[in-house]
Amino acid sequence: MPLTRRTLLAATAATAAAHSWPAFAAAPHAFKHGAFEITVVSDGHLVLPTAFLAPDATPEQRAALLKSAGQTGETYDSPTNITLIRAGSDLILIDMGSGDRFMPTAGKLWDNLKSAGIDKSKITKVIFTHGHPDHLWGAVDDLDDMTLPNATFYVAATEWDFWQGDDATRGLPAERAGFVTGARRNYAALKDRVKMFKAGDEVLSGIHAVGTPGHTQGHVALALSGGDGLIIGGDVLTHPLISFAHPEWRPLADHVPEQAVATRKMLLGRLVADRSKLIGFHLPYPGTGFVERKDGAYRFVADS
Ligand SMILES: [Zn+2]
């Protein structure tokens, strides 16, 4: 069935009925996956312009979708869900949140870990999905000192090279100018403790990097072994309705829009085919659930 406004409205209404939007929580969400113990901790939320979400939509489509998602103002709140993995003697963090210098509503990771009784100094390893502020800038504190000085950091070489190189500043939209400075500041602090990997690598035992470029040039998702699989999706699928019902739309946050479209479709197809669980960084907290086919596209079904 083609995606018409009618089917879209039906899909969004059904999805919206299953949740309250948006949901944030300081209390961590924990579950087991194969050999891993997973905890999702909130870093707070971002406040973003609603106009960024779906510039390809007609005004009617946009209004209907945003209403279903409870996002009717000029800005909307985007959750930031950080995944912590206990694997044997390792405690592995996936992304580090916004830190103190991005938005006052974000950078709550360390406080929320502490409230949950998790000592951040016990974190041994960090894997980054990409170098945007809400994923990387928590790597240093307000004095530019490392927040986890004893950890080892894993960065996709393509992403590292992108932010350090001239392509990061060439044709850069004004709203992203600070992103390059910030990425370089944080990478510089980590550089002696960084290990590079490439898409397809088994970064750590049972954790593979899935090449998912487009949102940024070197973006990776992480695939955890066990059962039907678990995908930590980073920013491939950032909106609970739009990313699934309209993977072909091009949100303004994507660096390479057409590549991001192809990546979204690839990952959605894989999530359905493998029946893998998804943790979405910006989906309603804790961002865990599954993907189903729906009316010629997809929908996200939260599982908590
Ligand atoms: Zn993000």
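Here the structure is a predicted model, which is why all the values come from computation and not from measurement.

Novice: Explain the coordination of the zinc ion to me, please; I cannot follow it from the model alone.
Specialist: Ideal geometry at a metal centre gives angles of 109.5 degrees when four donors are arranged tetrahedrally and 90 or 180 degrees when six donors are arranged octahedrally. Protein coordination of the zinc ion is provided by Asp134 (OD), His135 (NE2), Asp235 (OD) and His282 (NE2), with donor distances spanning 2.0 to 2.2 Å. One can describe the site at the zinc ion as irregular: its 4 donor atoms subtend angles covering 86 to 167° at the metal. In this structure histidine 282 comes out as buried when scored by relative accessible area, which is 6%.

Novice: In this structure, what is going on with the layout of surface pockets? I would like to understand it.
Specialist: The gaps left among the atoms become clear once a water-sized probe is rolled over them. Volume-wise, the largest pocket comes out at about 430 Å³. Taken together, 24 residues make up the lining of the largest pocket; nearest its centre are Leu46, Leu48, Phe52, His215 and Ala253. Only β2 (36-49), β3 (75-87) and α4 (133-136) provide two or more residues apiece to the lining of the largest pocket. If one sorts the elements of the lining of the largest pocket by residue count, β2 sits on top with 4 residues. Considering only residue class, the lining of the largest pocket consists of 14 nonpolar, 5 polar and 5 charged.

Novice: Would you mind showing me how to read the environment of alanine 106 here?
Specialist: If you trace the backbone, alanine 106 turns up in the loop between β4 (90-94) and α3 (109-115). Exposure remark for alanine 106: the relative accessible area of 5% places this residue in the buried category. Distance from alanine 106 to serine 121, taken between C-alpha atoms, is 20 Å for residues 15 residues apart in sequence.

Novice: Would you mind going over the confidence of the model for the chain with me for this structure?
Specialist: Parts of the model with low pLDDT should not have their predicted coordinates read in detail. Looking at the chain as a whole, the pLDDT averages 90, with 91% of positions reaching at least 70. Contacts of residues 1-25 to residues separated by more than four positions or lying in other chains number 45 contacts, the stretch itself having pLDDT below 50.

Novice: What's the story with the packing of aromatic side chains in this structure? I'm lost.
Specialist: Centre-to-centre distance and the angle between the planes together describe a pair of aromatic rings. Counted by the stated rule, this structure contains 6 aromatic pairs. Pairing phenylalanine 128 with phenylalanine 153 gives two aromatic rings, centres 6.3 Å apart and planes at 15°, and the pair type is stacked. Placement of the pair is phenylalanine 128 in the loop between β5 (125-127) and α4 and phenylalanine 153 in strand β6 (residues 152-156), with a sequence separation of 25 residues. For the pair phenylalanine 128 and phenylalanine 153, one class covers both residues: buried.

Novice: Please clarify how the side chain of asparagine 81 should be interpreted in this entry.
Specialist: On the secondary structure map, asparagine 81 appears in strand β3. Owing to a relative accessible area of 2%, asparagine 81 belongs among the buried residues under this scheme. Within the structure, asparagine 81 has its side chain in polar contact with the backbone oxygen of glycine 280 (distance 3.0 Å).

Novice: Quick question: what am I supposed to make of the pairing of strand β10 (residues 220-224) here?
Specialist: On a regular strand, each side chain points to the face opposite its neighbour's, so the side chains alternate between the two faces of the sheet. The element β10 is largely enclosed, with a buried count of 5 among its 5 residues. Of the two faces of β10, the one carrying Val220, Leu222 and Leu224 and the one carrying Ala221 and Ala223 are both buried. Pairing of strand β9 (residues 207-211) with β10 involves 5 bridges; the strand directions are antiparallel. What sits directly across from glycine 211, in β10, is valine 220. Bridge analysis of β10 against strand β11 (residues 230-232) gives 3 bridges, and the strand direction is antiparallel. Within the sheet, the bridge partner assigned to leucine 222 lies in β11 and is isoleucine 232. Taking the residues between adjacent antiparallel strands as the criterion, β10 and β11 are bridged by 5 residues, where glycine 226 takes a positive phi near 115°.

Novice: Is there a simple way to explain the sheet that holds strand β14 (residues 297-302) in this structure?
Specialist: Strand-to-strand pairing in sheets goes through backbone hydrogen bonds, with the strands running parallel or antiparallel. Judged by pairing direction, the sheet is mixed, and its 7 strands sit side by side in the order β8-β9-β10-β11-β12-β13-β14 without closing on themselves. Lying at the two open borders of the sheet, with one neighbouring strand each, are β8 (202-204) and β14. When strand polarity is set aside, the average angle formed by the axes of neighbouring strands in this sheet is 35°. Bridging between strand β12 (residues 277-279) and strand β13 (residues 288-294) involves 2 bridges; their strand directions are antiparallel. Among the inter-strand pairings, isoleucine 279 is bridged to a residue of β13, identified as threonine 288. Lying on the sheet, helix α8 (residues 257-274) is in contact with β9, β10, β11, β12, β13 and β14; it crosses β13 at an angle near 100°.

So, how was this worked out
- Numbers given for residues are sequential positions, taken from 1 along each chain in its written order.
- For a predicted model such as this one, the threshold for reporting local features is a pLDDT of at least 70, and the threshold for listing and counting side-chain atom pairs is 80 or more; totals across whole chains, interfaces and linings nevertheless cover every residue.
- Each side-chain value is derived from all of the structure's non-hydrogen atoms; neither hydrogens nor water enter the calculation.
- Sites may look incomplete, because water is not among the atoms used; the donor set itself consists of N, O and S atoms within 2.8 Å of the metal (3.2 Å for Na, K and Ca).
- Every angle between 85 and 135 degrees makes a four-donor site tetrahedral, while opposite donors more than 155 degrees apart, with all other angles between 65 and 115, make a four-donor site square planar and a six-donor site octahedral; other sites are irregular.
- Three labels apply to residues, based on accessible area from a 1.4 Å probe with only protein chains included: buried if under 20% of the type maximum, exposed if over 50%, partly exposed otherwise in between.
- With a 1 Å grid spanning the protein atoms alone, the term cavity applies to any set of points in which a 1.4 Å probe fits but cannot get out, the term pocket to an open set with protein on both sides within 12 Å along at least five of seven lines, and the term lining residue to any residue with an atom within 4 Å of a point.
- Grid points are joined across faces, edges and corners, and a volume is the space filled by probe spheres set on the points.
- The numbering of helices and of strands both runs from the N terminus, where a helix is a DSSP run of H or I of at least 4 residues and a strand a run of E of at least 2.
- Gly counts as polar in this scheme, as do all residues outside two lists: the nonpolar Ala, Val, Leu, Ile, Met, Phe, Trp, Tyr, Cys and Pro, and the charged Asp, Glu, Lys and Arg.
- Every residue is assigned a pLDDT by the predictor, reflecting its confidence on a scale from 0 to 100.
- Contacts are residue-level and defined by heavy atoms, with any inter-residue pair within 4.5 Å sufficient.
- Pairing of aromatic rings covers Phe, Tyr and the six-membered ring of Trp, with a centre-to-centre limit of 6.5 Å; geometry is then stacked below 30 degrees between planes, edge-to-face above 60, and tilted otherwise.
- A 3.5 Å cut-off defines polar contacts: any pair of N or O atoms within that distance qualifies, except that in protein one atom must be a possible hydrogen donor and the other a possible acceptor, and neighbouring residues in sequence count only when both atoms are side-chain atoms.
- Two strands pair under a simple rule: DSSP has to find at least two bridges between them.
- Here an angle of 0 to 180 degrees is reported between the N-to-C directions of two axes, which are lines fitted to C-alpha atoms, with helices fitted over the stretch in contact.

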